[in-house]
Every structure is written in structure tokens, then in C-alpha cells.
Amino acid sequence: MVGIGDWRSCPLLVKANDKWGSFSKEEQVGVAVAGSATLALAGVFIYRRYSGASKNRPTIFELSGGSIEKEKVKNEWDNYESSYGKEAGEGIKDRSKTVQLVDVFYSLVTDIYEYGWGQSFHFSPKLPGKNWVASEAAHEARVAVELGLRPGMKVLDCGCGVGGPMRTVASVSGAHVTGITINQYQVDRATHHNTRLGVAPLADVVRGNFCELPFPPNTFDAAYAIEATCHAAKLEDVYGQIFTALKPGGLFLSYEWVSTKDFDANNPEHVRIIDEINFGNGLPEMRTWKQAEDAGKAVGFKLVTSLDLAVASQVADGWWKRLEELAWQNEVSHVAVSTLDALWLAPKGLKEVHNMLRNVARSLVAGGQTGVFSPMHMLVFQKPK
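Residues numbered from 1 in each chain as written. Predicted model: local features only at pLDDT ≥ 70, side-chain atom pairs only at ≥ 80, totals over all residues. Heavy atoms only, no water.

1. A word on the overall build of the chain
What counts, and what does not: The way it works is that DSSP assigns letters per residue, a run of H or I at least four long becomes a helix, a run of E at least two long becomes a strand, and they are numbered from the N terminus. Remark: exposure states derive from per-residue accessible area (1.4 Å probe, protein chains only) relative to the maximum for the residue type, with buried under 20%, exposed over 50%, and partly exposed in between. We call two residues contacting when some pair of their heavy atoms lies within 4.5 Å. Residue burial considers only the protein chains on display, and all accessible areas are found by Shrake-Rupley using a 1.4 Å probe.
Within the chain, the regular secondary structure consists of 13 helices and 8 strands. Out of the 385 residues in the chain, the part that is buried amounts to 50%. Sequence separation of at least 24 residues holds for 79% of the intrachain contacts in the chain that already meet a minimum separation of 6. Counting only carbon and sulfur atoms, one obtains 56% of the accessible surface of the chain, whose full area is about 17,900 Å².

2. Things to note about the packing of aromatic side chains
Note the cut-off: Only rings of Phe, Tyr and Trp enter the pairing, Trp through its six-membered ring, and a pair is recorded when the two centres are within 6.5 Å. The plane angle decides the type: under 30 degrees is stacked, over 60 is edge-to-face, the rest tilted.
For the coordinates displayed, the defined rule picks out 23 aromatic pairs. Ring centres 6.5 Å apart and planes at 75 degrees place the aromatic pair Phe105 and Tyr113 in the edge-to-face group. For Tyr113, a relative accessible area of 17% translates into the label buried. For the pair Trp117 and Phe123, a centre-to-centre distance of 5.4 Å together with 80 degrees between the ring planes defines the contact as edge-to-face.

3. As for the pairing of strand β8 (residues 373–382)
What counts here: DSSP bridges decide pairing: two strands pair if at least two such bridges lie between them.
A large share of β8 lies buried, amounting to 9 of its 10 residues. By the bridge criterion, 8 bridges tie strand β5 (residues 246–259) to β8 in an arrangement that is antiparallel. Looking across to β8, one finds that Glu256 is bridged to His377.

4. A look at the side chain of His193
Inspection of the secondary structure assignment puts His193 in helix α7 (residues 184–196). By relative accessible area, which is 0% here, His193 ends up buried.

5. Some words on helix α13 (residues 350–370)
Convention followed: By this rule the span expected of a helix is its residue count minus one, scaled by 1.5 Å.
Look at α13: 30 Å from first C-alpha to last across 21 residues, which is about the 30 Å you get at 1.5 Å a residue. Backbone geometry just downstream of α13 places Gly371 in the positive-phi region, at approximately 80 degrees.

6. Points about the packing of helix α12 (residues 327–342) against α13
Counted only if it meets this: Axis angles are defined between N-to-C directions and span 0 to 180 degrees, where every axis is a line fitted to C-alpha atoms and, for a helix, only to the segment in contact. With respect to orientation, any angle under 35 degrees is reported as roughly parallel, any angle over 145 as roughly antiparallel, any angle of 65 to 115 as roughly perpendicular, and every other angle as oblique. Handedness of each helix crossing follows the sense of rotation of the near helix against the far helix: counterclockwise by less than a right angle gives left-handed, clockwise gives right-handed. Throughout, the ten residues Ala, Val, Leu, Ile, Met, Phe, Trp, Tyr, Cys and Pro are labelled nonpolar, Asp, Glu, Lys and Arg are labelled charged, and all others, Gly among them, are labelled polar.
At a minimum axis distance of 9 Å, the contact between α12 and α13 shows a crossing angle of 165 degrees. Accordingly, the angle class assigned to the pair α12 and α13 is roughly antiparallel. Helix-helix and strand crossings are classified by hand; for α12 and α13 the assignment is left-handed. Counting all contacts with α12, which are made through Asn330, Glu331, Ser333, His334, Val337, Ser338 and Asp341, the residues of α13 involved are Leu350, Lys351, His354, Asn355, Arg358, Ala361 and Arg362. Partitioning the contact of α12 with α13 into residue classes produces 3 nonpolar, 6 polar and 5 charged.

7. Topic: empty space enclosed by the protein
We count it as follows: We place a 1 Å grid over just the protein atoms. Points where a 1.4 Å probe fits but has no way out form a cavity, open points with protein on both sides within 12 Å along at least 5 of 7 lines form a pocket, and any residue with an atom within 4 Å of a point lines it. Grid points are joined across faces, edges and corners, and a volume is the space filled by probe spheres set on the points.
With the rule as written, the count across this model stands at 1 cavity of 30 Å³ or more. In this structure, the largest cavity occupies an estimated 510 Å³ of space. What lines the largest cavity is a set of 28 residues, and nearest its centre among them are Tyr113, Trp117, Phe123, Leu323 and Leu357. Secondary structure elements with two or more residues in the lining of the largest cavity: α4 (98–116), α9 (268–281), α12 and α13. Across the lining of the largest cavity, the residue classes break down as 17 nonpolar, 9 polar and 2 charged.

8. A few points about helix α10 (residues 289–298)
Rules: In this description, the arc belongs to the directions extending from the helix axis to the C-beta atoms.
Along α10, the residues classified as buried are Ala292, Glu293, Ala295 and Gly296. Down the axis of α10, the buried side of the element spans an arc of 160 degrees, and every buried residue falls inside it. A positive backbone phi angle near 115 degrees is found at Gly300, which sits one or two residues after α10.

9. Looking at unusual backbone geometry
In this structure, Glu227 is a non-glycine residue whose phi angle is positive, near 50 degrees. Considering the arrangement of structural elements, one finds Glu227 in the loop between β4 (220–226) and α8 (235–245). Overall, the relative accessible area of 5% leaves Glu227 in the buried class. A positive phi is found at Trp344, a non-glycine position, where the angle reads about 60 degrees.

The structure is reproduced here in C-alpha cells:
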């Protein structure tokens, strides 16, 4: 074996070194970039191939624009990016376009979310002695416990994504869960996973706007939303629809994205963090936990519980630490996505989408570390009997 100090004893390495020396500076940079990209693609492929992840989620070579045609991804990205104001705290400039923009957002990001995160598009505290997958499942199962779900009950999942939480809630409780999402691509993915995993008898998905629910009044025994109602232009709109769809006495639980009591609107760094979280996650604005409480009360709900699960347990680890652990993978994946973009093997615009998610991951970590943001302020409301 050739050691580090005796590479000149290997003819192939000597020849390669001589060849490298004949390259110009620009050629050396080009070869280095190409080599790094090749290694990145190979590394991601091997990781996905042998971790078993490719069986359940898209590979990096299959990332798409969801319901958006390949040649239109760049234009939709440009429209999305320009829809956000540049002033501090401005958010989406025209709130009447919120529903359309959220639909576009989830077409752009769903494959990347599944590829890099999994089927449950939410955060969770990390429990002692448990990995992130187990902690995620516990966070979802808590919904079933808080709502008192049992077999025979009809439950609504508002903003169900590709159905990861829905499948957990239905499986642990035996209740039937109907999910609703604004995005047809997510409906298709959720239906696929429900069938593949054998959960279809207890779970179905429809496409629709949760601010205009397509269900008769008094349909559901309970309802929940996991990090989803933050996408509504007005919380009162979605909360009011859920109130109507619930039977009298029914409970509604939401894991709400909020700015916390530690957020200071006069602190430019706090404002920057929240603005970047809004932009990178398709949010019209960020509400405070108090605004979320008041929105539920305004539509007729009784507030049962208000608890920030991000800080509720002194022994659970921070939700944002999963993003820290995945930072290296995000960087490797971005090199790979950029290479696919350069080779025209990925839809134009997807590189920019991935870069947005890469950047917002840092802002989410900052929001967690500073304590100015929580993605899991749990609110439990009850419709009067």
C-alpha cells in the first residue's frame, strides 16, 4: 500500500501529478469542481441507495416541480420570489394571492422535502434515548392522545401534506382521518403512500382550500393541523371553517408556527430571522402565540390548552438540532442539484428552490437557538356543545 509520504513510488500518481501541473489555473479549478460534483452525486446516490430511503421517497435524480410542468418551474419560482416584499416584516405583498402562492410553493418543494426530510413535514423535540424518527412519531401520536381519538371517530387533518402525520394518527387511534391539502401533487403522493403502507382503509385525502372546506357542517368529531394553518392569509378564516365542520363539543388541535414572547420587533436580527422563515416556507406573515389564541376565540372556540412544546420539557432536545445534523447533507445535495441543473437534468429553477430551503434552514436554527420562534405552540380548542 502506498503511504501518504511515498506517493512518488507509484507511477500512476507521478503521471497524474505531471498532467495536473500542465493544466492552467482555470482548468485546475474546472477539474476540481467537476470532481467534487461527481463525488457529491455519487455520495448522495450511495447514501440513498443503501439507506433504503429511495424506496420511500424521490431520489435526487427524480426531483421535480410537482404539479408544475418542467419548463414552467423557473417562471413559477420567479413569480414566487417576487411576491414577497423587501421591507422588514412585510411578507407576501398581495395577501389575496396567498392560496395560489402556497399551492405553487408546495409543488416546488414537496419532492425536496420528501427527499431530504421524509413524509412528515414538521419538526419535533428529540426525546431522550430516541432517534428523530421515533421522536417525530411521538409528536404525531400526541395529537391522537390530546384529542381522545378512538375507533369509529371521523377526524379532519387540515393541511395534510403527503400524509405522514395522518398515517400515524389513524394507525395509533383507529379513527378515520380525512386529509385536505391545496396541492394536487401532495394528494397524489399521500394517496400513494396510504395504499403502499396499507393505511388506506383509515385515511383518505382530498384537494381543497382549508379556508373554504368542502364538507357539510358538523361532519367531524375532531380536527387537527400540524404546522399548516400558518399558511392561511388570516387565521380566523381557517379556524372558522374548522369550527363549522366540527360537531358540537368537538376538539381542534393545532401545532402553530408563532413568534414567541422573546421576539423583539425592534431587534433587526429577530426581524430578519422571522422574515427569512416566512419567505422560505410560504408564509404570508408570522403571528404571535397570543394572536393565534385570540383568532380561535374570535370564531367561537373555547381555549382548552395553550402550550409551547418547544420548551415544555426540560429533558427533550431542541427541535432545530435535526437541521444542524443535516447541514452537511444539505451542502452535498446542493452541489449535486447544481450539477444536475448545469447538465439540464433538473428543471430550471429547482436549484434556486433548493438554495432557498438551504438558507431558510439556517434561519430556522437561529430562530430555535434564540428562542424567538416556535413551530409547535400547541393550541387545543373546543366547539361549545
